[in-house]
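Spelled out, the chains give:
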Amino acid sequence: MKRSHRGNSGTDSIFPREADPETVHPCLFFTCVFLSVLPSVLCLVWVVHYAGGLAWDGSHQQFNWHPLCMLIALVTFLSNGLMSFRIFPFRRRARKFVHATLNLASVFVAIVGLVAVFQNHQKSNIPHLYSLHSWCGLAAIVLYFMQWTSGLIVFVLPLVGIETRSSYMPYHIRAGFLIFALIIATCLVGLNEKMNFLGSDHHAATPPTGGTLPPLPAAHHHSVSVQYSDLPAQAILVNLVGFSLLALAALVFVVISQYDYTRSGRNGGFMLLPMK
C-alpha cells in the first residue's frame, strides 16, 4: 500500500511524491522571491562599488562577471525554479513552463560566468581549478547539467513513459535540492576565499621548492592594503551576501519539503493557510 503524503502525520515523506504540489502562503511567497534576489543585488552593489565595476576585456572587471552571473543563474534563477511548483500562483502548465524557463536561463547565464572567469585566469596567467571553491564549483556545475539534461529527457521531451516519469520525480526533487545545497556551499567558500585575498601579502610567501607562486590575481591588487579582519565596509557587504545565501537555502528546504504550504482550488489563487 502506498503511503499517503498529505497532512502532518509522522508518516509524511520529507519530500512529498506529488509531482504537482500546489503553492504557498503569500507572505512566504514574497519572502522567497525577496531572498532569492537579495544575494544577486548585494553582489551587484559589491562589484560596482568596491571591485571596480564590470567589463569584458580579460581584466579583473571581467572576473567580476563571474560571481554576479553565478549568483543570478544558480541562486536567483535556480532557487525560484526549485520552488516554482510551490510559490507561483499559476496553473500547473504555467508553473511547469516557469520551472523549465528558469532552469534554461540559469544554464546560459552560468555559461557566461564560467567563460568570464576562465578568460580572466588565462589572460592573467592564473592557474585554473586549483582552489577548493573551483573544485566544488566544478562538481556543482557537472551535477547541475546532469540534472538539467535528465529533466529535459524525462519531463520536457518526454522520451520515457508516464510510469518512469512518476517514479523518477521524487529523485529529481531530492537531487535538485542537494545540488542547490552544494551550490550554496560553493558560493560561501568562494566569498570567503575572495575576502581572504584582502591584504594578503601574496608574494612574501615562500614558494615551493623548485617552483614559483602564481601571480596575485589582478582583481586583488587594488585592495591589498585592507585586511578582512578589519571588517571594512565591503567585507560587511560580502558577509551579508553569505548570510542571505544561508537564509535562502533554509527557506528553499522548508518550501519544497513541507506539504503544508499548499493552495486550495485549481484557479491559481492563494488560500491563506496557518503557518504550522
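Rules used throughout
Counting of residues starts from 1 at the beginning of each chain's written sequence and follows it residue by residue. Since the coordinates come from a predicted model, pLDDT governs what is reported: local features require at least 70, and pairs of side-chain atoms require 80 or more to be given and counted, while whole-chain, interface and lining totals use all residues. Heavy atoms throughout the structure, all of them, feed into the side-chain values; hydrogens and water do not. For helices the rule is a DSSP run of H or I covering at least 4 residues; for strands it is a run of E covering at least 2, with both sets numbered from the N terminus onward. Where accessible areas are quoted, they stem from the Shrake-Rupley method and a 1.4 Å probe; at the residue level, only the protein chains shown are allowed to cover. Joining through side-chain atoms within 4.5 Å is the link that ties buried Ala, Val, Leu, Ile, Met, Phe, Trp, Tyr and Cys residues into a set, and such a set is a nonpolar core. With a 1.4 Å probe rolled over the protein chains alone, any residue whose accessible area is under 20% of its type maximum counts as buried; one over 50% counts as exposed, and the rest are partly exposed. Contact criterion: two residues are considered in contact whenever any of their non-hydrogen atoms come within 4.5 Å of each other. Using only the protein atoms, space was sampled on a 1 Å grid; points where a 1.4 Å probe fits but cannot get out form cavities, open sets with protein on both sides within 12 Å along at least five of seven lines form pockets, and lining residues are those with an atom within 4 Å of a point. Grid points are joined across faces, edges and corners, and a volume is the space filled by probe spheres set on the points. Polar here means any residue outside two lists: the nonpolar Ala, Val, Leu, Ile, Met, Phe, Trp, Tyr, Cys and Pro, and the charged Asp, Glu, Lys and Arg; Gly therefore counts as polar. The axes used here are C-alpha line fits, helices contributing only the stretch in contact, and every angle between their N-to-C directions lies in the interval 0 to 180 degrees. Each angle gets one of four labels, with under 35 degrees taken as roughly parallel, over 145 as roughly antiparallel, 65 to 115 as roughly perpendicular, and the rest as oblique. Crossing handedness is read from the near helix: turned anticlockwise from the far helix by less than a right angle, it gives a left-handed crossing, and turned clockwise, a right-handed one. What pLDDT conveys is the predictor's confidence in a given residue, as a value from 0 to 100. Only centres within 6.5 Å qualify two rings of Phe, Tyr or Trp (six-membered ring in Trp) as a pair; their planes then separate them into stacked at under 30 degrees, edge-to-face at over 60, and tilted for everything else. Here, two cysteine sulfur atoms that lie within 2.5 Å of each other are counted as a disulfide.

### Regarding the overall build of the protein
Part 1 of the argument: Looking only at helices and strands, the protein features seven helices and zero strands.
Part 2 of the argument: Scanning the protein from its N terminus toward the C terminus, one meets helices and strands in the order α-α-α-α-α-α-α.
Part 3 of the argument: Total accessible area computed for the protein in this model is approximately 14200 Å², and 69% of it derives from carbon and sulfur atoms.

### Some words on the nonpolar core
Part 1 of the argument: Residues W46, L74, F180, L245 and V252 are the most contacted members of the largest nonpolar core, which totals 47 residues.
Part 2 of the argument: Sorting the residues of this core by element identifies helix 1 (26-49), helix 3 (65-87), helix 4 (92-124), helix 5 (132-156), helix 6 (162-196) and helix 7 (233-257) as the ones contributing at least two each.
Part 3 of the argument: Tallying contributions element by element places helix 7 first for this core, with eleven residues.

### As for the side chain of S79
Part 1 of the argument: Mapped onto the elements of the fold, S79 is located in helix 3.
Part 2 of the argument: The class of S79 is buried, set by a relative accessible area of 0%.
Part 3 of the argument: With residues near it in sequence (within four places) discarded, S79 still touches S36, F180, L248 and V252.

### Focus: the layout of surface pockets
Part 1 of the argument: Volume-wise, the second largest pocket comes out at about 720 Å³.
Part 2 of the argument: The wall of the second largest pocket is formed by 34 residues, among which F63, H66, V117, H133 and S134 lie closest to the centre.
Part 3 of the argument: Among the elements of the structure, helix 3, helix 4, helix 5 and helix 6 are those that each provide at least two residues to the lining of the second largest pocket.
Part 4 of the argument: Considering every element that reaches the lining of the second largest pocket, the biggest residue donor is helix 6, with seven residues.
Part 5 of the argument: In terms of residue class, the lining of the second largest pocket is made up of 21 nonpolar, eleven polar and two charged.

### Focus: unusual backbone geometry
Working note: non-glycine residues mostly have negative phi, and peptide bonds are mostly trans.
Part 1 of the argument: Even without glycine at this site, L129 takes up a positive phi of about 55 degrees.
Part 2 of the argument: Judged by relative accessible area, which is 39%, L129 ranks as partly exposed.
Part 3 of the argument: At L231, a position not held by glycine, the phi torsion is positive, near 50 degrees.
Part 4 of the argument: Note on placement: L231 falls in the loop between helix 6 and helix 7.

### Points about the packing of helix 1 against helix 7
Part 1 of the argument: Running from N to C, helix 1 and helix 7 cross one another at 155 degrees; their axes reach a closest spacing of 9 Å. Between helix 1 and helix 7, the angle falls in the class roughly antiparallel. The hand of the helix 1/helix 7 crossing is left-handed. Of the residues in helix 7, those touching helix 1 at L28, T31, C32, L35, S36, L38, P39, L42, C43, V45 and W46 are Q234, L237, V238, L240, V241, S244, L245, A247, L248, L251 and V255.
Part 2 of the argument: Its residues assigned to classes, the contact of helix 1 with helix 7 comprises 18 nonpolar, four polar and no charged.

### Describing the confidence of the model for the protein
Part 1 of the argument: Residues of the protein with pLDDT of at least 70 account for 74%, and the chain-wide mean is 80.
Part 2 of the argument: The spread of mean pLDDT over the elements of the protein runs between helix 1, the lowest at 92, and helix 5, the highest at 95.
Part 3 of the argument: Contacts of residues 1-23 to residues separated by more than four positions or lying in other chains number 67 contacts, the stretch itself having pLDDT below 50.
Part 4 of the argument: Across residues 261-276, where pLDDT falls below 50, the model places 45 contacts with residues more than four positions away in sequence or in other chains.

### Focus on the packing of helix 3 against helix 4
Part 1 of the argument: Look at helix 3 against helix 4: their axes get within 8 Å of each other, and the N-to-C directions meet at 165 degrees. Taken together, the axes of helix 3 and helix 4 are roughly antiparallel relative to one another. For the element pair helix 3 and helix 4, the recorded crossing hand is left-handed.
Part 2 of the argument: Broken down by class, the residue content of the contact of helix 3 with helix 4 amounts to 18 nonpolar, eight polar and three charged.

### Section: the packing of aromatic side chains
Part 1 of the argument: Going through the model one piece at a time under the given rule, you end up with five aromatic pairs.
Part 2 of the argument: Judged by centre distance (4.9 Å) and plane angle (65 degrees), the rings of F29 and F30 are edge-to-face.
Part 3 of the argument: Put simply, the rings of F29, F30 and F88 pair up and form one aromatic cluster.

### What about the environment of P26?
Part 1 of the argument: With respect to the helices and strands, the residue P26 is situated in helix 1.
Part 2 of the argument: When the C-alpha positions of P26 and F88 are compared, they lie 9.5 Å apart, and in sequence the two are 62 residues distant.

### A short note on the state of the cysteines
Part 1 of the argument: Evaluated as defined, the whole model comprises zero disulfides.
Part 2 of the argument: This cysteine, C69, is not joined by any disulfide, and C43 carries the nearest cysteine sulfur, 9.2 Å off.
Part 3 of the argument: Assessed through its relative accessible area of 6%, C69 is described here as buried.

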